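Overview (structure and organization)
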Amino acid sequence: MKQLIDKLYEKQQLAKDEYIHILNNIDAASSEYLFEKAREVSRRSFGTSIYTRGLIEFTNYCRNNCYYCGIGSGNKKADRYRLSREDILDCCKTGYELGFRTFVLQGGEDNHYSDKDIVEIITSIKQDYPDCAITLSTGEKSSSSYQKYFEAGADRYLLRHETANDEHYSRLHPESLSLADRKRCLYSLKEIGFQVGTGFMVGSPYQTTATLAEDLLFIKEFNPHMVGIGPFIPHSETRFASEAAGSLELTLVLIALIRLMLPKSLIPATTALGTINPQGREKGILAGANVVMPNLSPVSVRKKYSLYDNKICTGEEAAECRFCLAGRMEKIGYQLVVDRGDYKG
Ligand code: 5AD
Ligand code: FES
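Residues numbered from 1 in each chain as written. Chains lettered and ligands numbered in written order. Predicted model: local features only at pLDDT ≥ 70, side-chain atom pairs only at ≥ 80, totals over all residues. Heavy atoms only, no water.

With that settled, consider the site of ligand 1. The environment of ligand 1 is formed by Y68, C69, Q106, R160, E162, M201, P231, F232, I233, L307 and Y308. At 2.5 Å from an oxygen atom of ligand 1 is found a side-chain nitrogen or oxygen belonging to E162. The contact in question runs from a nitrogen atom of ligand 1 to an N or O atom on the backbone of L307, over 3.3 Å. For ligand 1, whose free accessible area comes to 400 Å², the fraction covered by protein is 86%. Its residues placed into classes, the shell around ligand 1 shows eight nonpolar, one polar and two charged. (Near = heavy atom within 4 Å. Polar contact = N/O pair within 3.5 Å; in protein donor to acceptor, adjacent residues only side chain to side chain. Areas by Shrake-Rupley, 256 points an atom, 1.4 Å probe, with all protein chains shown as cover. Nonpolar A, V, L, I, M, F, W, Y, C, P; charged D, E, K, R; others polar.)

Spatially, the six strands line up as an open sheet ordered β2-β3-β4-β5-β6-β7, and their pairing is parallel. Since the sheet does not close on itself, it has two edges, and those belong to β2 (54-59) and β7 (226-231), each with one partner. Along the sheet, successive strands turn relative to each other by an average axial angle of 20°, direction set aside. In this structure, β2 lies alongside strand β3 (residues 102-107), joined through five bridges in parallel fashion. Within the sheet, the bridge partner assigned to T59 lies in β3 and is G107. Helix-sheet contacts for helix α5 (residues 115-128) involve β2, β3 and β4 (133-137), and the interaxial angle to β4 is about 155°. (Pairing = 2+ DSSP bridges. Helix = DSSP H or I, 4+ residues; strand = E, 2+ residues; numbered from the N terminus. Axes fitted to C-alpha atoms, helices over the stretch in contact; angles between N-to-C directions. Contact = heavy atoms within 4.5 Å.)

All right, on to the nonpolar core then. Formed by 52 residues in total, the largest nonpolar core has its most connected members in I56, I88, F103, L105, I125, Y146 and F194. The biggest single contributor to this core is helix α8 (residues 179-192), with five residues. Leaving out residues up to four positions away in the same chain, Y146 has contacts with G139, E140, K141, Y157, L159, C185, S188, L189, I192 and F194. Membership of the second largest hydrophobic core comes to 45 residues, among which are L23, A213, L248 and A287. (Core = buried A, V, L, I, M, F, W, Y, C linked by side-chain atoms within 4.5 Å. Buried < 20%, exposed > 50% of the residue type's maximum accessible area, 1.4 Å probe, protein only.)

This part covers the UniProt feature "binding site: S-adenosyl-L-methionine" (unreviewed entry) in the protein. Those places that UniProt annotates as "binding site: S-adenosyl-L-methionine" (unreviewed entry) correspond, in this numbering, to E162 and R182. In summary, the annotated positions, though distributed over 21 residues, converge in three dimensions, the widest C-alpha pair being only 9.2 Å. Inspection of the secondary structure puts E162 in the loop between β5 (156-158) and α7 (166-172). Aside from chain neighbours lying at most four places away, what touches E162 is Y68, Y169, H173, R182, G199, F200 and M201. Note on placement: R182 falls in helix α8. (UniProt positions renumbered as here; feature names shortened; annotations may be inferred.)

Attention shifts here to helix α1 (residues 2-11). Of the residues making up α1, those classed as buried are L4, I5 and L8. Each buried residue of α1 lies within a common arc of 100° when the element is viewed along its axis, so the set occupies one face. Within α1, the exposed residues directed more than 90 degrees away from the buried face are K2, Q3, E10 and K11. Where α1 is buried, its residues contact α2 (16-25), α3 (28-46) and α10 (248-261). (Arc of directions from axis to C-beta.)

Residue placement: S30 occurs in helix α3. Each residue touching S30, except ones within four places of it in the same chain, is listed here: M1 and I5.

Here is the structure:
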């Protein structure tokens, strides 16, 4: 095990059967060794600085119905909301004062916002906060829409591939969605010039160590600027309501493996990780993550953006989360920095 970890550390890649071997056999002692290596690589790339992104969940309407997701169109109990451009700008104002220099606009696939609306939102944010980066996370769109967003000033785009195995993809999504389309979007975003993030859930139903190894191979091949991974957590109003959540340990192992594969990539310690374990985000940083994404959405809508049950930070004001996270990072020897936190390849 140690030899394989050293090999990954040196070569930044392994073969599929080697990833499978690690995932099937890693124990607590070798995990600790892996985390140490990942921390070392992360320190070399970023020192003890942790980048922050202010997350603005601007709509929970969604035309899709991914089987795992609490805001899918099939959830008739979801209390739907949309933020206006003014609401979004208010979030940015609060965020800017708290030291955020990246705003992540995330939402369901909501056609209520036309390309023109999105462009106007981007333009306004860039006008008021020219020193900030904008990350979009609004799902699958046409290349021409992506192009318009980019020209308006959006810098980055998050679109998790969810699983790199076709059959697994079709067991997590309705027929209207395909892995091929998802990949087309990802390659088009990269070609347009976005810093692109992809990723997947750990422990999603029907996932195996073989599909996880395929995720790692895809990530290496695609070479994203950002990689978001977090545990799957069931949502009571979805068809996966009674499935088990993904494990903390396996999520940490995957964060560390990705850090060794992509030393400069931006990897968040996700809210989902903080939800399955009270120290999840700290553990994520100590396994090689270097980004946190506290919530900037108005408290009045926080609970409504529930992709999964028991999400943390749904009652706290933005400032509370900002200071809570600063304290958490300091306790483990890291600092939140005021910085756009761009990818530096
Ligand atoms: N548990 C954990 N993560 C989820 N996501 C969606 N639903 C869940 C869930 N039940 C993740 C998906 C999506 C991202 C925005 O949130 O990976 O890409
Ligand atoms: Fe939100 Fe700690 S980060 S309360």
